[in-house]
Amino acid sequence: MRNLVMMLAMMFSATIFAQEVKPTFEKQGDQIKGTFFYENGTIRQQGFYSKEGKLHGEWKSYDATGKKIAMGQYKNGVKTGKWFFWSADKLSEVNYSDNKIADVTTWSNKDNVVVNYNN
């Protein structure tokens, strides 16, 4: 009985997984552009892989409505440089060094800073 319940649970989870929107991969030069989607079809994440299969270049993340929530760079699978994270009323700039957070600066809508990044 226990095995039957486990098998049904696995079949149910496989059915749910099969209904998810599958990512797309497109060759662009010597890199592969990967695009991952929410169930509603909007883009969840988009970025590039090196020919060795490591995250490489610019990556962007979006919420389910299509609003950008994160943007940054990978170099051979390692987070590098400035990453930006948007929330309802804040922008956080996170500097990475050797794949570790070096420092963080956060601005709120109350600050006199204008930031406009296009998707």
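Note that the coordinates shown come from a computational prediction; the quantities given were computed from them, not determined experimentally.

Colleague: Where do I start with the overall build of the chain in this structure?
Modeller: Within the chain, the secondary structure is distributed over one helix and eight strands. Along the chain, helices (α) and strands (β) appear in the sequence α-β-β-β-β-β-β-β-β when read from the amino end. The buried share of the chain, taken over its 119 residues, is 21%. Long-range contacts, defined as pairs at least 24 residues apart, comprise 9% of the intrachain contacts of the chain with a sequence gap of at least 6. With an accessible surface of roughly 8,800 Å², the chain has 55% of that area assigned to carbon and sulfur atoms.

Colleague: Honestly, the sheet that holds strand β5 (residues 68-75) in this entry has me stumped. Any pointers?
Modeller: Working definition: the strands of a sheet are paired by backbone hydrogen bonds and lie parallel or antiparallel to each other. Read across the open sheet, the eight strands follow the order β1-β2-β3-β4-β5-β6-β7-β8; overall the sheet is antiparallel. Pairing within the sheet leaves two strands with one partner each, and these edge strands are β1 (24-28) and β8 (100-108). Each adjacent strand pair in this sheet contributes to an overall mean axis angle of 10°, direction not counted. In this structure, β1 lies alongside strand β2 (residues 31-37), joined through five bridges in antiparallel fashion. Following the sheet pairing, Q28 is matched in β2 by Q31.

Colleague: I keep staring at the environment of G77 and nothing clicks. Help me out?
Modeller: Counting through the fold element by element, G77 comes out in the loop between β5 and β6 (78-86). As for G77 and K54, which are separated by 23 residues in sequence, their C-alpha atoms are 4.8 Å apart. Apart from the residues within four sequence positions on either side, G77 is in contact with K54 and L55.

Colleague: In this structure, what is going on with unusual backbone geometry? I would like to understand it.
Modeller: With the exception of glycine, the majority of residues adopt a negative phi angle, and the majority of peptide bonds are in the trans configuration. Unlike most non-glycine residues, N76 shows phi in positive territory, near 50°. Along the chain, the position of N76 falls in the loop between β5 and β6. Phi at D98 takes a positive value of approximately 55°, unusual for a residue other than glycine. Given the relative accessible area of 67%, D98 is considered exposed.

Colleague: Before we go on, may I ask you to explain the packing of aromatic side chains in this structure?
Modeller: Two aromatic rings are characterised by how far apart their centres lie and by the angle between their planes. Under the defined criterion, the tally for this structure stands at nine aromatic pairs. With a centroid separation of 6.4 Å and an interplanar angle of 85°, the aromatic rings of W59 and Y74 are classed as edge-to-face. Pair noted here: W59 is in strand β4 (residues 55-62) and Y74 is in strand β5, with a separation of 15 residues, a long-range link. The same class applies to W59 as to Y74, namely buried. Residues W83 and F85 carry aromatic rings whose centres are separated by 6.2 Å and whose planes lie at 20° to one another, so their mutual orientation is stacked. Three or more aromatic residues joined by ring pairs form one cluster here, namely F25, F36, Y49, W59, Y74, W83, F85 and Y96. Residue placement shows K79 over the ring face of W83; its charged tip is 5.0 Å from the ring centre.

Colleague: In this structure, what is going on with the confidence of the model for the chain? I would like to understand it.
Modeller: Note that predicted coordinates carrying low pLDDT should not be read in detail. Summary statistics for the chain give a mean pLDDT of 82 and a share of 75% for residues scoring 70 or more. The spread of mean pLDDT over the elements of the chain runs between helix α1 (residues 2-19), the lowest at 44, and strand β3 (residues 43-49), the highest at 97. A low-confidence stretch, residues 1-9 (pLDDT under 50), is modelled with zero contacts involving residues beyond four sequence positions or located in other chains. The low-confidence segment residues 11-18 (pLDDT under 50) makes zero contacts with residues lying over four places distant or belonging to another chain.

Scoring rules and cut-offs
Residues numbered from 1 in each chain as written. Predicted model: local features only at pLDDT ≥ 70, side-chain atom pairs only at ≥ 80, totals over all residues. Heavy atoms only, no water. Helix = DSSP H or I, 4+ residues; strand = E, 2+ residues; numbered from the N terminus. Buried < 20%, exposed > 50% of the residue type's maximum accessible area, 1.4 Å probe, protein only. Contact = heavy atoms within 4.5 Å. Areas by Shrake-Rupley, 256 points an atom, 1.4 Å probe, with all protein chains shown as cover. Pairing = 2+ DSSP bridges. Axes fitted to C-alpha atoms, helices over the stretch in contact; angles between N-to-C directions. Phe/Tyr/Trp six-rings, centres within 6.5 Å; stacked < 30°, edge-to-face > 60°. Lys NZ or Arg CZ within 6 Å of the ring centre and 35° of its normal. pLDDT = per-residue confidence, 0-100.

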